[in-house]
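# Examining the three-dimensional arrangement
Given next are the chains, with one letter for each unit.
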Amino acid sequence: MNNNVLLIGFMGVGKGTLARELVKHSDFFAIDTDDLIESIENKKIKRIFEEQGEPYFRALEKKCALWCEQNVKNTIISTGGGFYRQENIKNIGKVVYLQSSFDSIIEALKKAPDSKKKFKKRPLLQDLDEAKKIYDMRVKEYEKVSDIIVNVEDWNTKRIVSEILSKLK
Ligand code: S3P
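### Quick notes on the packing of aromatic side chains
Applying the stated criterion across every chain, the model contains 6 aromatic pairs. Taken together, a centroid distance of 5.9 Å and an interplanar angle of 65° make the contact between Phe10 and Phe102 edge-to-face. Here Phe10 is found in the loop between β1 (4-8) and α1 (15-24), whereas its partner Phe102 is found in helix α6 (residues 102-111), with 92 residues between them in sequence. A connected cluster of aromatic rings, assembled from ring pairs, spans Phe10, Phe102 and Tyr135.

Okay, structure coming up:
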């Protein structure tokens, strides 16, 4: 095991934000799987979906997962909402599921200062009825693959950070 921590959960639940908070309160560094994919493609996720399609993106996620397993240590890895499906996820590190209801996630995104941008950049959040179907399908799978489940519905950063760090010990 590489001593990494993977943050998994639905789109917009706050994986990247929390990774940055965890870095402030620990010796971990942090990376994000979507950022790595955008960087090697030199394209935004939205454009990869539009131009190459979702299967191409999923293949890049797989490549990213294999790379993480081989090369990443002592790092918080925030992941895209579909990354949890990677077969080798457990070999990469401890899996922490950030749990929240669909409605709370969407409400928080709507209230965010850059709300429009947050919706626009996510191809699978364009149709909220479809997104809810994806959420319902994934909820049990997120739980099943996780080592630690943290409810983040109230978004009390201090409580969430200390809960994760103490559960990791
Ligand atoms: C996806 C989530 C996105 C991104 C892509 C697909 C998903 O990341 O990887 O749009 O399948 O849930 P976020 O979880 O950061 O939105």
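### Examining the pairing of strand β5 (residues 148-151)
The side-chain alternation of β5 yields one buried face, formed by Ile148 and Val150, and one unburied face, formed by Ile149 and Asn151. Bridge analysis of strand β4 (residues 93-99) against β5 gives 4 bridges, and the strand direction is parallel. By the bridge assignment for β5, Val96 is matched with Ile148.

### Regarding the site of the ligand
Near the ligand you find 13 residues, and of these Lys15, Arg58, Gly81, Arg122 and Arg138 are the closest. Contact between the ligand and Gly81: an oxygen atom at 2.8 Å from a main-chain N or O atom of the residue. Note that an oxygen atom of the ligand is positioned 2.7 Å from one of the side-chain N or O atoms of Arg138. Considering the ligand on its own, with 380 Å² of exposed area, one finds that the protein chains cover 94% of that surface. Judged by its atoms lying within 2 Å of the grid points, the ligand is housed in the largest pocket. Looking at the shell around the ligand residue by residue, the classes come out as 5 nonpolar, 3 polar and 5 charged.

### Digging into the nonpolar core
In this structure, Leu7, Ile8, Phe10, Leu18, Val96, Leu125 and Ile164 are the most contacted members of the largest nonpolar core, which totals 51 residues. Residues within four places of Leu7 in sequence aside, it is in contact with Lys15, Leu18, Ala19, Leu22, Ile76, Ile77, Ser78, Thr79 and Val96.

### So, unusual backbone geometry
The phi dihedral of Asn42 is positive, around 55°, even though this residue is not glycine. Within the secondary structure, Asn42 sits in the loop between α2 (33-41) and α3 (45-51). Given the relative accessible area of 68%, Asn42 is considered exposed. Unusually for a residue other than glycine, Asn74 sits at a positive phi of about 50°. By the secondary structure assignment, Asn74 is in the loop between α4 (54-71) and β3 (75-78). Classification of Asn74 by relative accessible area gives partly exposed; the value is 40%.

The rules we used
- Residues numbered from 1 in each chain as written.
- Predicted model: local features only at pLDDT ≥ 70, side-chain atom pairs only at ≥ 80, totals over all residues.
- Heavy atoms only, no water.
- Phe/Tyr/Trp six-rings, centres within 6.5 Å; stacked < 30°, edge-to-face > 60°.
- Helix = DSSP H or I, 4+ residues; strand = E, 2+ residues; numbered from the N terminus.
- Buried < 20%, exposed > 50% of the residue type's maximum accessible area, 1.4 Å probe, protein only.
- Pairing = 2+ DSSP bridges.
- Near = heavy atom within 4 Å.
- Polar contact = N/O pair within 3.5 Å; in protein donor to acceptor, adjacent residues only side chain to side chain.
- Areas by Shrake-Rupley, 256 points an atom, 1.4 Å probe, with all protein chains shown as cover.
- 1 Å grid on protein atoms, 1.4 Å probe; cavity = no way out; pocket = protein on both sides within 12 Å on 5 of 7 lines; lining within 4 Å.
- Sits in = over half its atoms within 2 Å of the grid points.
- Nonpolar A, V, L, I, M, F, W, Y, C, P; charged D, E, K, R; others polar.
- Core = buried A, V, L, I, M, F, W, Y, C linked by side-chain atoms within 4.5 Å.
- Contact = heavy atoms within 4.5 Å.

By themselves, these figures tell us nothing about what the structure is for.
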